[in-house]
Amino acid sequence: MNEQKRYAPQEKNVFWDDGRERELLLYVQNKSKVDGIRGSPARVLEAIDEFATQRYLMNIGKEKGKIITDLIAMHKPGIMVELGGYVGYSAILFGDALRRAGGCRYWSLEANAEFAAIIKSLVAIAGLSDIVTVVVGMSHDSLRQMHANNQLKRIDMLFLDHYKPAYLDDFKLCEQLQLVQPGSLTVADNVIKPGNPPYLRYVRSTPKEKREQQNKSDSDRAVMGDSSLVYESRLVESFQPTGVPVSPTAPFRSSLFTISQTTNHRTLARLWNNQYFTSARAMEHLAKNIGLLICCSLFLPINTAIVVTTYIWTKVIIGSRNMKALDDEPSKTILVTGMSMAKALSIARLFHGRGHRVIGADWHWLALGRFSQAVDDFYQLPHPIDSGGSRVNPQYLRAILDIIERERVDLVIPVSDVIAPLEDAVVKEVIEARFGTKCIQANVKHTALLHGKASFMEHTRTIGLQIPTKEIITFLREHGGLALSPRGKQFLIKPLEVDDLVRSQRFVVPLGSPSETLARLNQIRFPSSESSYLIQEFIQGDEFCTHSLVIRDRVCAFVACPSTDVLTHYTALPCDLPLTRAMVGFTVKQAQTLAHDFTGHLSFDFIVLGDQSMDKLSKNRTFKLYPIECNPRVHTATVLFDHTPELVDEYLSVLSASPRENPSSKPILTPKNANHVYWIAQDWVEFVLNPICRAFTGQGTLTDVLKSLGVFIEYLVFWKDGVFSVKDPWPFWWMCHVVWPLRFAKYLVRGRWNKINISTGKVFEI
């Protein structure tokens, strides 16, 4: 080791958080002005090392750092996470190595806010802000938050260098959240000094030994981890940056680190012996997925026969030529994204039926649009959100721009799912600025305003519309203003971010007593201490949803229907009902107060007080309408327009040269001959398979089976499937016998779910 570059000796008492970190930042900032080190990770590291020769810094140093950068170059991780960033030395060293190895995101989790600010500043000077992201907060809170927000789905390489007693719990949390998976590499520093026997013992234990330890622990408090994962672990010798040798013979002066890699070869025996798969609930989950796979196989012959027959009938006997486009309206090229969902397929079929050329695109490689006759060409897109989970994926944007340029697209209709409306809003602004191509999507400002639960409610209140009583809080257990016993009103707790587990359960408080209320609050999964929730007045009423198309602040098309938690049945409300007119009025006011040229889709969820049962809707004029949520994207209710080709004309009105050609006096389009829409595959499970299974296990009766079977037959005879079309049958076959079987097969190996929504492809994981 170079004596001149050796760090100053570590002080005995105080050797960090005494102002030296701020002095380091000023030192490097002055160097960047004088020596021009900005944009050079290597020269920034040299500056940090220079400072440390005069005053000790607890960095990993170049000697040990090189071992890890060599691992990065060898294994080429895509996502790397460090727990404990200190002043950013490791973030700069490893972030630079990760970028050179082709990685996409380095997460630095630091509990100390001042240190985190220093990391950000030094990373910016090094020119690594595009790949290094700093997260402030306790590591376990940050990990839960990032996982809940879909920012972090997998860790390819994990570096532990934070509070040593937290190594094991944080590592097990990564296992439990399925962030550490087979093939993941973990490097833990300082496992000899100050020592970490619990961590070393865990990574060296067999699955059986881990399960035995779990049985001894307090399962209500301990992080359980994943006992089935097996690690190949080794200790590595090196030098401290002070020059102190690291070796097993100097256990009290060394800081050996251990390298552990999850083995890829989990055997079936290990998987089966895993505690997860031996529980009764896990066996039920296993049987559920196997049963659904068997159903998909049993119906394969008959569905194939039906699809092939209808395909031949439409292609050969009848001939499935498109409706000719209107003489005064030449054919357009339309790009429709989100082609894995029924709502995008419905829009594509409408345009195809009017003689327009449809280009389909989706980031799901199993998208239904690949096999639709309504789609002339299909493109697979990168995921809309970048690997860091914090912004639109530049590759997604580039791919859409390339499609528009290559195909000479006239109109873009983004069909977003719940995770990507903001990303599609960014794409819209770039598309219209670069090409002038129109895009049916709200801009970033309006999408963020409407997509956020809190901002939508505040906006609705400011324009004079009624909303439920609401309040935003952070970390409910620390909120002293929420009454623990009833005082008239009850409140519904809703996460501001997407959280399927919380949303699938209804958390209403207060309950009958303080103890019951606290017990209910404790059931909520808090991803982190900074998780924000909306406390909204709980209104016991009927729920309705709407879908509308808005062109230049005019509501062009509108439909409303009754709603449920997992909506897979759509029935259009008559447009002349007082309730429908009230929801139309709400939508019109929202559209007109956003901007004079607002263009996009608006979908609202409402709670209605008053008896709104279907047999009394036409008579009831006494009701209160409360908005509860806005989705600034296409709603699946658009499938109710399947027999309304005039919707195409409304979409194309955005291409008119002047807003005058889009008169506000024109009546709002509503679905014509709207069928009741359902999804036969989902109803087969819910109304046939599940009742039979419950009766077989003694949880139901034969009468229950017959009643459910009657409901299913009614749907089969009088309702329309949301995907199947005689003129376009193959997406239905692909969905039933490729898409979902592959997903069920995946859940046999990893993950669990409690609900699915075939209409959107949504799986509610637990």
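Refer to the structure above for everything that follows.
Residues numbered from 1 in each chain as written. Predicted model: local features only at pLDDT ≥ 70, side-chain atom pairs only at ≥ 80, totals over all residues. Heavy atoms only, no water.

1. What about the packing of aromatic side chains?
Put simply, the test is: Aromatic contacts are taken between Phe, Tyr and Trp rings whose centres are within 6.5 Å, Trp giving its six-membered ring; a plane angle under 30 degrees counts as stacked, one over 60 as edge-to-face, and the others as tilted. The helix and strand labels rest on DSSP assignments: H or I over at least four residues marks a helix, E over at least two residues marks a strand, and numbering proceeds from the N terminus. Type-normalised accessible area, obtained with a 1.4 Å probe on protein chains alone, sets the label of each residue: buried when under 20%, exposed when over 50%, and partly exposed for intermediate values. Our definition puts a charge over a ring when NZ of Lys or CZ of Arg is within 6 Å of the ring centre and also within 35 degrees of the ring normal.
For the structure on display, the rule yields 25 aromatic pairs. Taken together, a centroid distance of 6.0 Å and an interplanar angle of 80 degrees make the contact between Y167 and Y199 edge-to-face. Taken together, the residues Y167 in helix α7 (residues 167-176) and Y199 in helix α9 (residues 197-203) connect sequence positions 32 residues apart. Here the two residues Y167 and Y199 agree in accessibility, since each one is buried. Taken together through their ring pairs, the aromatic side chains of Y167, F171, Y199, Y202 and Y231 make up a single cluster. The positively charged end of K210 is found above the aromatic ring belonging to Y202, 4.6 Å away from the centroid. We note K746 situated over the ring of Y747; from NZ or CZ to the ring centre the distance is 4.3 Å.

2. Focus: a nonpolar patch on the surface
Filter applied, for reference: What goes into a patch is any residue over 30% in relative accessible area without a salt bridge, connected to like charges within 9 Å or, for nonpolar side chains (Val, Leu, Ile, Met, Phe, Trp, Tyr), within 5 Å. Only the protein chains shown count as covering a residue, and every accessible area follows the Shrake-Rupley method with a 1.4 Å probe. A side-chain nitrogen of Lys or Arg and a carboxyl oxygen of Asp or Glu constitute a salt bridge if their distance falls within 4 Å.
Together, L702, L706, L709, I713, L716, V717 and F718 make up an exposed nonpolar region whose accessible area comes to about 710 Å². Owing to a relative accessible area of 62%, L702 belongs among the exposed residues under this scheme.

3. Quick word on α7
Most of α7 sits inside the fold, with eight of its 10 residues counted as buried. Burial in α7 covers these residues: Y167, L168, D170, F171, K172, L173, C174 and E175.

4. Comments concerning the pattern of salt bridges
Once the charged atoms of two side chains with opposite charge are near each other, the side chains can pair. Using the criterion set out here, one finds 22 salt bridges in the structure. Across the salt bridge formed by R55 and E23, the nearest N and O atoms sit 2.9 Å from each other. With R55 in the loop between α2 (41-54) and α3 (61-75) and E23 in helix α1 (residues 20-34), this pair connects stretches of sequence that are 32 residues apart. A relative accessible area of 38% places E23 in the partly exposed class.

5. Quick look at the sheet that holds strand β9 (residues 357-362)
Basically, it comes down to this: A pair of strands is treated as paired once DSSP finds two or more bridges between them. In this description, contact between two residues means that some pair of their heavy atoms is separated by no more than 4.5 Å. Inter-axis angles, ranging from 0 to 180 degrees, are taken between N-to-C directions of lines fitted to C-alpha atoms, where helices are fitted over the stretch in contact.
The parallel open sheet is built from five strands, whose spatial order is β10-β9-β8-β11-β12. Only two strands of the sheet have a single partner each, and these edge strands are β10 (377-380) and β12 (438-439). Pairing between β9 and β10: four bridges, direction parallel. Following the sheet pairing, I359 is matched in β10 by D377. On the sheet, helix α15 (residues 342-353) packs against β8 (333-337), β9 and β11 (411-413) and is oriented at approximately 170 degrees with respect to β8.

6. Here's the deal with the packing of helix α19 (residues 453-462) against helix α22 (residues 578-594)
Quick reminder of the rule: When an angle is under 35 degrees it counts as roughly parallel; over 145 it counts as roughly antiparallel; between 65 and 115 it counts as roughly perpendicular; any other value is oblique. The classification used treats Ala, Val, Leu, Ile, Met, Phe, Trp, Tyr, Cys and Pro as nonpolar, Asp, Glu, Lys and Arg as charged, and all other residues, Gly among them, as polar.
As a packed pair, α19 and α22 sit with axes 11 Å apart at the nearest point and diverge in direction by 95 degrees. Between α19 and α22, the angle falls in the class roughly perpendicular. Taking contact as the criterion, the partners of F456, H459 and T460 in α19 are, on α22, F586, Q590, T593 and L594. Partitioned by chemical class, the residues of the contact of α19 with α22 number three nonpolar, four polar and no charged.

7. Here's the deal with the state of the cysteines
Note the threshold: Note on terminology: disulfide denotes any pair of cysteine sulfur atoms within 2.5 Å.
Considering all chains together, one arrives at zero disulfides under this definition. In this structure C296 is a free cysteine whose sulfur lies 7.0 Å from that of C295, the closest cysteine sulfur available. C736 takes part in no disulfide bond, and the closest cysteine sulfur, belonging to C296, lies 7.1 Å away.

8. Things to note about the environment of V28
Structurally, V28 can be placed in helix α1. In this structure, the C-alpha to C-alpha distance between V28 and I48, residues 20 residues apart in sequence, is 7.0 Å. The residues touching V28, leaving out its near neighbours within four places in the chain, are I37, V44, A47, I48, L122 and I125.

9. Examining the packing of α2 against helix α5 (residues 113-126)
Across the interface, α2 lies against α5 with an axial gap of 8 Å and an inter-helix angle of 135 degrees. As judged from the angle between their axes, α2 and α5 are oblique. Contacts from P41, V44 and I48 in α2 reach L122, I125 and A126 in α5.

10. Remarks on the environment of H459
Test applied: Pairs of N or O atoms are called polar contacts if they sit within 3.5 Å, as long as, within protein, a hydrogen donor faces a hydrogen acceptor (for residues adjacent in sequence, only side-chain-to-side-chain pairs).
As for its position among the elements, H459 is in helix α19. In the structure, H459 is positioned 10 residues away from L449 in sequence and 7.7 Å away in space, judged by C-alpha atoms. The residues contacting H459, other than those within four sequence positions of it, are L449, L450, Q590, T593 and L594. One polar contact links H459 to Q590, side chain to side chain, over a distance of 3.2 Å.

11. Quick look at the sheet that holds strand β19 (residues 600-609)
Sheet strands pair by backbone hydrogen bonding; their relative direction is either parallel or antiparallel. The strand order β18-β17-β19-β20 describes an open sheet built from four strands, whose pairing is antiparallel. Single-partner strands in this sheet number two, and they are β18 (554-562) and β20 (624-631). Strand-to-strand twist in this sheet, taken as the mean axis angle between neighbours without regard to direction, amounts to 25 degrees. Looking at chain direction, strand β17 (residues 542-551) and β19 are connected through seven bridges and run antiparallel.

12. Details of the nonpolar core
Put simply, the test is: To define a nonpolar core, start from buried Ala, Val, Leu, Ile, Met, Phe, Trp, Tyr and Cys residues and group those joined through side-chain atoms within 4.5 Å.
Formed by 61 residues in total, the largest nonpolar core has its most connected members in F351, L411, I413 and Y651. Looking at which element gives the most residues to this core, the answer is helix α26 (residues 730-749), with nine residues. Each residue touching L411, except ones within four places of it in the same chain, is listed here: T333, I334, L335, F351, T437, K438, C439, I440, Y651, L652, V654 and L655. In this structure, L71, V87, A97 and I119 belong to the second largest nonpolar core, which totals 44 residues.

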